[in-house]
Amino acid sequence: MSTQTIDSFSAFASLNRFFTLIETTKPTIQQAEDAAALLCRIYGANSEEELLQRGDPELIEIYKEIKNKILKAAM
C-alpha cells in the first residue's frame, strides 16, 4: 500500500470519529477545522487551496458541502 493510500485511510478513520463525536457532543471550532483539513487529505490534497486548484467542479462541490456540515456542527 502506498503512503498516500495509508494517509487517506487514516484521514477517513479520523473524520469518521469526528462525525461520531458530533452525534453526542458539540465539537470545538478547532476540532471542526482539523476535520476539514482531514477532508482535504481524503481527497489526496495537502490543503484546501491545493484541492480547489484541481478544478474538478463535482469534487469541489462535494468537498464544500461536507466542509459546511463539519463547520456548522461546531457553531
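Shown above is the structure to which this text applies.
Conventions and cut-offs
- Residues numbered from 1 in each chain as written.
- Predicted model: local features only at pLDDT ≥ 70, side-chain atom pairs only at ≥ 80, totals over all residues.
- Heavy atoms only, no water.
- Helix = DSSP H or I, 4+ residues; strand = E, 2+ residues; numbered from the N terminus.
- Expected span 1.5 Å × (residues − 1).
- Buried < 20%, exposed > 50% of the residue type's maximum accessible area, 1.4 Å probe, protein only.
- Phe/Tyr/Trp six-rings, centres within 6.5 Å; stacked < 30°, edge-to-face > 60°.

> Tell me about helix H2 (residues 29-42), residues and numbers included.
An α-helix turns once every 3.6 residues. As a result, residues three or four positions apart point the same way. In this model, H2 (14 residues) spans 20 Å end to end at C-alpha, consistent with the 20 Å of a helix rising 1.5 Å per residue. Considered for burial, the residues of H2 that qualify are Ala-32, Ala-35, Ala-36, Leu-38, Leu-39 and Cys-40.

> Let's hear about the packing of aromatic side chains: which residues, and what values?
Per the counting criterion, the structure on display carries one aromatic pair. Ring centres 5.7 Å apart and planes at 75 degrees place the aromatic pair Phe-18 and Phe-19 in the edge-to-face group. The exposure class of Phe-18 is buried, given its relative accessible area of 6%.

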